[in-house]
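Single-letter residue listing:
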Amino acid sequence: MPAILKENSAIKFRAVREARGDFPILSTQMNGRPLVFLDSAASSQKPQFVIDAIDKYYREQNANVHRGVYSLSQLATDLFEQSREKVRAFINGQYSREVIFVRGATEGINLVAQSYGRKFFKPGGTIILSQLEHHSNIVPWQMIAEEKGLEIKVIPINKEGELQLDTFEQMLSEKVQMVAVNHISNALGTVNPVKEIVEMAHRFDVPVLIDGAQATLHGSIDVQEIGADFYVFSGHKMFGPTGIGVLWGKEELLNKMPPWHGGGEMIKTVSFEKTTFNELPFKFEAGTPNICGSIGLGAAVDYFSQFDPKEVVAYEKELLAYCTSGLEEVGGIRFVGTAKNKTSVVSFLLEGTHPYDVGIILDKLGIAVRTGHHCTQPLMDHYGIPGTIRASMAMYNNKEDIDRLIEGVRRAKMMLG
Amino acid sequence: MPNINDIQNEIIEDFSLFDDWMEKYEYIIDMGKSLPLIDEKYKTDDYIIKGCQSKVWLKAEKEGDRVNFYADSDAVITKGIISMLIKVLSGQRPEEIANADLYFIEKIGLKEHLSPTRSNGLVSMIKQMKYYGLGMESKIVN
Ligand SMILES: Cc1ncc(COP(=O)(O)O)c(C=O)c1O
């Protein structure tokens, strides 16, 4: 459990069912019908609480950080750094300087690949990814692997969409220089045994990056318990704004890594002969950071802490079960990804139809789902399908949303069948 | 052979009979289902236009001073829209194809299907059809 919640265990949580009312967009319409938003895995909606924090920042608190002597700049700097501390607590990191603000999960992975990889990867080595990865956790590694002469190997999955750890174990050796896997699969919802993966990799002293993009929406993260070396996630997928995300890394490793981007903020002294770099976290935060985004993300963390993470998870499981059984009743549904340990993501195909067609009809009915390959083409190829229809739920969804989805799928079946 | 705009106007008239999106889409889906638009043997990578979501196959053939199009898609709604595009453009003269203003799509309320974010391959397909019209039979998109 994140320290923030441990420390506040006496506080009274709000009921999860109250969350829906906090999200203004959920009372809007799409194509003339009340919006049913079931695409939170792509990007979550924002509560008024976060919107207010952003609004207040620009109205009352805006100034550049870490450079003004005047009070307003000091205020912005304090808020910015408080957000860093909030994020640290949310993921139970050890030090807030281990929290690097980036644009999102994608940038976090690129940073590690370009900084750590460029310095430490040796030709002839191996990078291990998994069949479940998002393109964001494939392409940055391919780029550096090509440059440095490494090979990429892939942890296979079983039919259910679960990683095959026995194979992974056999893949590990001294040659492996990085393991990068997601915490939760965006396309299937599989929750991966990241702690075990880290333990196994560490037996060979192999560093592990966990792509947590899909995890922070669903419950508490404890990076120390997971034991990973790097953990990345995106603010927009956890009720925060776009354009902000986090790379958390172990201080010892981050200290050894060279800066990636150069510019202001990340330096100590600059002359044309020699520049010395700033300390963590600033070494990796060149230029004016996304101050407002960070503050919005801090607000998202605060918003989360209003709810009991156990209740959130239980509620989402209830929605998942309700959605799964509802779709089963429609008939002709093929579920893709049926892992035992799964978040509130239902990926499916409607027999005899193309996901795109179903998506179009659902859109007309005011239902937002994602169709296609979900930026996981290797995974879709593995299943031999062009893509799926994916309904992903967050704590602001309710059973009426699911009812509308089921009704929509029935309609699509009728029209397309 | 009626000209491009006559055919477009005819489609627009057909669509004016529908009162809601359901009827309209049922019609498109029917069109998508009924027509075999291309010989299976041409559904190869040589003829594919990849959208991010659905695939389109397109083949053009010159017949005298006319160009005939054959196409298909793995998504039926996309295919339905393709069948209308073929109805409008196939059998026309190259220069007419190249210069065609395909206003019918907007008029029948299907403009959203041509938004690049739909990534269904239709935008690239139209580009490719016009390109064939220009007489350049090379493939420009994939
Ligand atoms: C598992 C996973 N990793 C990485 C990403 C990339 O996140 P972003 O686009 O916010 O950088 C996503 C987003 O869809 C994701 O689901």
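Structural notes, computed from the coordinates. (Residues numbered from 1 in each chain as written. Chains lettered and ligands numbered in written order. Predicted model: local features only at pLDDT ≥ 70, side-chain atom pairs only at ≥ 80, totals over all residues. Heavy atoms only, no water.)

Some words on the overall build of chain A
Within chain A, the secondary structure is distributed over 14 helices and 17 strands. Along the first, second and third principal axes, the C-alpha set of chain A runs to 70 × 55 × 40 Å. Counting every position in chain A, which comprises 417 residues, the buried fraction comes to 59%. When the accessible area of chain A is evaluated, it comes to approximately 16,500 Å², of which 51% is carbon and sulfur surface. Averaging the locations of the 43 positively and 49 negatively charged side chains of chain A gives two centres separated by 2 Å. (Helix = DSSP H or I, 4+ residues; strand = E, 2+ residues; numbered from the N terminus. Buried < 20%, exposed > 50% of the residue type's maximum accessible area, 1.4 Å probe, protein only. Areas by Shrake-Rupley, 256 points an atom, 1.4 Å probe, with all protein chains shown as cover. Lys, Arg positive; Asp, Glu negative; His and termini not counted. Charge placed at Lys NZ, Arg CZ, Asp CG, Glu CD.)

Here's the deal with the side chain of Asn278(A)
All names here are of chain A. Along the chain, Asn278 turns up in the loop between strand 12 (275-277) and helix 10 (291-304). In this structure the side chain of Asn278 is engaged in a polar contact, spanning 3.1 Å, whose partner is the backbone oxygen of Glu265. Contact partners of Asn278, with chain neighbours within four places excluded, come to Glu265, Met266, Ile267, Lys268 and Lys283. (Polar contact = N/O pair within 3.5 Å; in protein donor to acceptor, adjacent residues only side chain to side chain. Contact = heavy atoms within 4.5 Å.)

What about the nonpolar core?
For soluble globular proteins, the rule of thumb is that nonpolar side chains tend to be buried together. Counting residues in hydrophobic clusters, the biggest one holds 147 residues, and the most contacted among them are Phe168(A), Val179(A), Phe239(A), Met84(B), Leu85(B), Phe104(B) and Met125(B). When we break this core down by domain, the ones giving at least three residues each are domain 1 (10-39 + 308-416) and domain 2 (54-304) of chain A. (Core = buried A, V, L, I, M, F, W, Y, C linked by side-chain atoms within 4.5 Å. Domains from an automatic or database assignment.)

Focus: the site of the ligand
Residues and elements named next belong to chain A. Within the structure, the ligand sits among Gly104, Ala105, Thr106, His134, Ser136, Asn186, Asp211, Ala213, Gln214, Ser234, His236 and Lys237. At 3.4 Å from an oxygen atom of the ligand is found a main-chain nitrogen or oxygen belonging to Ala105. A distance of 3.1 Å is found between an oxygen atom of the ligand and a side-chain nitrogen or oxygen belonging to His134. In isolation the ligand has 390 Å² of accessible area, and contact with the protein removes 85% of it. Tallied by class, the residues present in the shell around the ligand amount to 2 nonpolar, 8 polar and 2 charged. (Near = heavy atom within 4 Å. Nonpolar A, V, L, I, M, F, W, Y, C, P; charged D, E, K, R; others polar.)

Some thoughts on the pattern of salt bridges
Going through the model one piece at a time under the given rule, you end up with 32 salt bridges over all chains. Where Glu18(A) meets Arg14(A), a salt bridge forms, and the shortest distance between an N and an O atom there is 3.0 Å. Each of Glu40(B), Lys43(B), Asp72(B) and Lys79(B) takes part in a single network of salt bridges with overlapping partners. (Salt bridge = Lys/Arg side-chain N within 4 Å of Asp/Glu carboxyl O.)

Quick word on the packing of aromatic side chains
Scanning the model with the defined rule gives 22 aromatic pairs over all chains in all. Judged by centre distance (5.3 Å) and plane angle (45°), the rings of Phe80(A) and Phe101(A) are tilted. Here Phe80(A), found in helix 3 (residues 71-91), pairs with Phe101(A), found in strand 4 (residues 99-102); they are 21 residues apart in sequence, far enough to count as distant. Residue Phe80(A) is classed as buried on the basis of its relative accessible area, which comes to 0%. Taken together, a centroid distance of 4.8 Å and an interplanar angle of 40° make the contact between Tyr116(A) and Phe120(A) tilted. Of this pair, Tyr116(A) and Phe120(A) both sit in helix 4 (residues 105-120), 4 residues apart, roughly one helical turn. In this structure an aromatic cluster arises from ring pairing among Phe23(A), Phe49(A), Phe90(A), Phe239(A), Tyr303(A), Phe304(A), Phe307(A) and Tyr396(A). The ring of Trp57(B) carries Lys43(B) above its face, with NZ or CZ at 5.0 Å from the centroid. (Phe/Tyr/Trp six-rings, centres within 6.5 Å; stacked < 30°, edge-to-face > 60°. Lys NZ or Arg CZ within 6 Å of the ring centre and 35° of its normal.)

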